[in-house]
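Each chain is listed here by its residues.
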Amino acid sequence: MQKNNQPMSMVQILLCGGAVVTLSMGIRHGFGLWLQPITQEMGWTRESFALAIAIQNLSWGVLGIFGGMLADRFGAFRVLLVGALLYALGLAGMAMAPTTTWFALTAGVVIGAAQAGTTYAVIYGVLGRQIPVARRSWAMGVTAAAGSFGQFFMVPVEGSLISNFGWSNALLLLSLCALMIIPLAFGLREPGFQPGNARPVRDQSAGQAVAEALRTPSFVLLTAGYFVCGFQVMFIGVHMPSYLKDYGLAPQVASISLALVGLFNIVGTYVAGNLGQRLPKRYLLSTIYFTRSVVIVLFLLAPLTPWSVYIFSAAMGLLWLSTVPLTNATVAQIFGVQHLSMLSGMVFFSHQVGSFLGVWLGGYLYDHTGSYQVVWYLAIGLGVAAGLLNLPIREAPVARLRAAQAAA
């Protein structure tokens, strides 16, 4: 914890920020494990569950812009406190929801708001302001890897909780875990936002930053590509356990597959952050999206066995959240860090619209066709489109930053 205007330790930022993301992302990555237990006991359709998780992603995306704006203005600490409380409240509400409407409000709106205040946009704002430019992409990769470790660690834990305590009690226990974000938030109190200290100097209002971003073609292309990332990962993350069960594979295959995604994503995100420090990020992003499509095609063509699932999960894990450090580092490189959390939230809103459609369409098309096949094909086509969209992105700073750098 800092006093007065002493700089924050890089180790402290990475440890506390990584732990927050581990908890917040780790919990959400396991929601697919609840689909069948909840729908079977409550008598709900898969579409009703999928719609609630889709609303969660949309709520996260919309409120993430405003959460980022507040974090840029008042610091991440306060936003993290509110986000942790909302997370605990939303998980408890999920456990006790008597109807699909209440389930959509708690699992959807409340937890979406919680994720807006406890995940990448807020944490990356701290990294952008406190980590030197020469190590920024690397630091973002380390933090994204922490989120991946959360998936590797938390998904089996959540599966075990469901097996041993039932799905409702498992959610109540997770709500207590979410409160652990509160003490971690104290390690992310930035000196410039503490009482008695001078606030960071700004040469741009939030409105001016938004207008500048929207008239920058590279920002629009980056945002459009991120839509596809959300569509793919949330469709697979939420519907993969049910897809495998439909084909007669044991429930533990789904738990192991999601854990493998998290395990290999630790490597993928770290390597992506490292490479982003050395190579053009647009080429790395295009490669990730193209490769995802190839991996999905091979998975659908291969015989469905536990080992084919595990190989697919490992391959997708390497590509899973590797877009996150590259995308956010590109935003910081083009626009600077004054409004990084807000601009990252804007890009992430597109990601969450894609997540909404990936989750909801998965449930909707399954209920109406009895198959996930069409959504798999959509995921392939969108991956190719995203790869093409990222190729023409220009990573050079905007004219405002170039002028400031020249003056300095």
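Please refer to the structure higher up on the page.
Residues numbered from 1 in each chain as written. Predicted model: local features only at pLDDT ≥ 70, side-chain atom pairs only at ≥ 80, totals over all residues. Heavy atoms only, no water.

J.: What is the right way to read the pattern of salt bridges from this model?
T.: Side chains that carry opposite charge are capable of pairing whenever their charged atoms lie near each other. If you walk through the whole model with that rule in mind, you get six salt bridges. Between Arg46 and Asp246 there is a salt bridge; the shortest N-O distance is 3.1 Å. Of this pair, Arg46 sits in helix 3 (residues 46–74) while Asp246 sits in helix 11 (residues 217–246), placing them 200 residues apart in sequence. Where Arg129 meets Glu190, a salt bridge forms, and the shortest distance between an N and an O atom there is 2.9 Å. (Salt bridge = Lys/Arg side-chain N within 4 Å of Asp/Glu carboxyl O. Helix = DSSP H or I, 4+ residues; strand = E, 2+ residues; numbered from the N terminus.)

J.: Help me understand the environment of Ile288, please; the structure alone is not making it clear to me.
T.: Following the sequence through the fold, Ile288 ends up in helix 13 (residues 281–301). Take Ile288: its relative accessible area is 7%, and that puts it in the buried class. Spatially, the C-alpha atom of Ile288 lies 8.8 Å from that of Trp320, the residues being 32 residues apart in sequence. (Buried < 20%, exposed > 50% of the residue type's maximum accessible area, 1.4 Å probe, protein only.)

J.: Please explain the nonpolar core as it appears in this structure.
T.: Across soluble globular proteins, you tend to see nonpolar side chains buried next to one another. Trp34, Leu91, Phe103, Met240, Phe312 and Trp376 are the most contacted members of the largest nonpolar core, which has 126 residues in total. Sort the elements by how many residues they give to this core and helix 11 lands first, with 14 residues. Those residues in contact with Phe103 that lie beyond four places of it in its chain are Ile38, Trp44, Phe49, Ala52, Met94, Ala97 and Gly108. (Core = buried A, V, L, I, M, F, W, Y, C linked by side-chain atoms within 4.5 Å. Contact = heavy atoms within 4.5 Å.)

J.: Before we go on, may I ask you to explain the packing of aromatic side chains in this structure?
T.: Given two aromatic rings, one states the distance between the centres and the angle between the planes to describe the pair. For the structure shown, the criterion picks out 20 aromatic pairs. Aromatic pair Phe31 and Trp34: ring centres 6.4 Å apart, planes at 65°, arrangement edge-to-face. Overall, Trp34 belongs to the buried group, its relative accessible area being 0%. Aromatic ring contacts, followed pair by pair, group Phe235, Tyr243, Tyr247, Phe299, Phe312, Tyr366, Tyr372 and Trp376 into a single cluster. Arg189 extends its terminal NZ or CZ atom over the ring of Phe77, reaching a point 4.7 Å from the ring centre. (Phe/Tyr/Trp six-rings, centres within 6.5 Å; stacked < 30°, edge-to-face > 60°. Lys NZ or Arg CZ within 6 Å of the ring centre and 35° of its normal.)

J.: How should the packing of helix 11 against helix 15 (residues 323–335) be read in this particular structure?
T.: Following both chains from N to C, one finds helix 11 and helix 15 inclined at 165°, their axes separated by 11 Å at the closest point. Considered as vectors, helix 11 and helix 15 are oriented roughly antiparallel to each other. By crossing handedness, the relation of helix 11 to helix 15 is classed as left-handed. Taking contact as the criterion, the partners of Ser218, Phe219, Leu222, Tyr226 and Cys229 in helix 11 are, on helix 15, Thr323, Val324, Thr327, Asn328, Thr330, Val331, Ile334 and Phe335. Considered class by class, the residues forming the contact of helix 11 with helix 15 number eight nonpolar, five polar and no charged. (Axes fitted to C-alpha atoms, helices over the stretch in contact; angles between N-to-C directions. Parallel < 35°, antiparallel > 145°, perpendicular 65-115°, else oblique. Left-handed = near helix turned anticlockwise from the far one by under 90°. Nonpolar A, V, L, I, M, F, W, Y, C, P; charged D, E, K, R; others polar.)

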